[in-house]
Amino acid sequence: MTTRREFLALVCGAASITAATTAEAQLDPNQDALRKAAYREALRKVVGDAPVRSGRVKLDLPPLVDNGNAVPLSVAVESPMTSADHVKAIHVFTEKNPQPYVLSAYLGPRSARAHLATRIRIADSGTVTAVAQLSDGSFWSGSAEVVVTLSACLEEGLI
């Protein structure tokens, strides 16, 4: 006759093996590499082969986020916003989201200043990058690290 303690040990041991096997089967071992490749491809679609220089873009978001579903984000670009020299667009990317292309905001010389504030969804801790496209065709970027404790963007079937 099996005791209750032996039975529970047997069932719990089998359940943990099954759970570990199931979890292992669901996670893609190349998930990190796939997300980095998707990030590079999304960035390439915006800038093409043009060089992206660091500076002129100030990205402001909290370094530690409790909930990745609504992360406050502010982007400001140094520009006089004249017809000869202005920001045409601001693009935001995250390297760890299933879809790294977060948003685009298109501006013109009549915008008083090159600034935007919104909330975004972030799937995992990592780098958020803002790229500004200027009227002269140059691209400038700024980035910030963020730690997310409760992930968002966990749609099934995406990277």
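Everything here concerns the structure above.
Residues numbered from 1 in each chain as written. Predicted model: local features only at pLDDT ≥ 70, side-chain atom pairs only at ≥ 80, totals over all residues. Heavy atoms only, no water.

Let's shift gears to the sheet that holds strand 7 (residues 115-120). One open sheet holds the three strands; their spatial order is 2-4-7, and the pairing between them is antiparallel. The open sheet is flanked by strand 2 (57-60) and strand 7, the only strands paired with a single partner. Between one strand axis and the next, the sheet turns by 15° as a mean value, whatever way the strands run. (Pairing = 2+ DSSP bridges. Helix = DSSP H or I, 4+ residues; strand = E, 2+ residues; numbered from the N terminus. Axes fitted to C-alpha atoms, helices over the stretch in contact; angles between N-to-C directions.)

Leu59, Leu61, Leu73, Val75, Val87, Ile122 and Val128 are the most contacted members of the largest nonpolar core, which totals 26 residues. When residues of this core are traced back to their parent elements, those giving at least two are strand 2, strand 4 (71-77), strand 5 (87-94), strand 6 (101-106), strand 7, strand 8 (126-134) and strand 9 (139-150). The residues contacting Val75, other than those within four sequence positions of it, are Val57, Lys58, Leu59, Ile90, Val92, Ala114, His115, Leu116 and Ala130. (Core = buried A, V, L, I, M, F, W, Y, C linked by side-chain atoms within 4.5 Å. Buried < 20%, exposed > 50% of the residue type's maximum accessible area, 1.4 Å probe, protein only. Contact = heavy atoms within 4.5 Å.)

A separate point is the environment of Ala76. In this fold, Ala76 is placed in strand 4. Residue classification places Ala76 among the partly exposed residues on the basis of a relative accessible area of 26%. Excluding residues that lie within four positions of it along the chain, Ala76 makes contacts with Arg56, Val57, Lys58, Ala114 and His115.

Further remarks concern the pairing of strand 4. With five of seven residues buried, strand 4 lies mostly within the body of the structure. One ladder, built from six bridges, connects strand 4 with strand 7; its direction is antiparallel. Bridge pairing in strand 7 links Pro72 to Arg119.

Before going further, it helps to spend a moment on a nonpolar patch on the surface. Taken together, the side chains of Phe7, Leu8 and Val11 make up a nonpolar region of the molecular surface, amounting to roughly 270 Å² of accessible area. Position of Phe7 relative to the elements: it lies in helix 1 (residues 4-26). Residue Phe7 is classed as partly exposed on the basis of its relative accessible area of 47%. (Patch = residues over 30% accessible without salt bridge, like charges linked within 9 Å, V, L, I, M, F, W, Y side chains within 5 Å. Areas by Shrake-Rupley, 256 points an atom, 1.4 Å probe, with all protein chains shown as cover. Salt bridge = Lys/Arg side-chain N within 4 Å of Asp/Glu carboxyl O.)

Under the definition given, this model contains two aromatic pairs. Judged by centre distance (6.4 Å) and plane angle (90°), the ring pair of Tyr39 and Phe93 falls under edge-to-face. Of this pair, Tyr39 sits in helix 2 (residues 31-47) while Phe93 is found in strand 5, placing the two residues 54 residues apart along the sequence. Both residues of the pair, Tyr39 and Phe93, belong to the buried class. The structure contains a cluster of three or more aromatic residues connected by ring pairs, namely Tyr39, Phe93 and Tyr101. (Phe/Tyr/Trp six-rings, centres within 6.5 Å; stacked < 30°, edge-to-face > 60°.)

Checked against the element boundaries, Leu73 lands in strand 4. When sequence neighbours within four positions are dropped, the list of residues in contact with Leu73 reads Leu59, Asp60, Leu61, Val92, Leu103, Leu116, Ala117, Thr118 and Ile120.

The backbone of Arg56 sits at a positive phi, close to 65°, despite the residue not being glycine. Locating Arg56 in the fold gives a position in the loop between strand 1 (52-54) and strand 2. Given a relative accessible area of 26%, Arg56 falls into the partly exposed group. Phi is positive for Met81, which is not a glycine, with a value near 55°. Relative to the helices and strands, Met81 is located in the loop between strand 4 and strand 5. Relative accessible area serves as the criterion here: at 5%, Met81 is assigned to the buried category.

With 17 residues, helix 2 should reach 24 Å at 1.5 Å per residue; the first-to-last C-alpha distance of 24 Å fits that figure. Where helix 2 is concerned, the buried positions are Arg35, Ala38, Tyr39, Ala42, Val46 and Val47. In a view along the axis of helix 2, the buried residues occupy a sector of 155°, so they form one face of it. Of the exposed residues in helix 2, the ones pointing more than 90 degrees away from its buried face are Arg40 and Lys45. Buried residues in helix 2 make contact with strand 1, strand 5, strand 6, strand 8 and strand 9. (Expected span 1.5 Å × (residues − 1). Arc of directions from axis to C-beta.)

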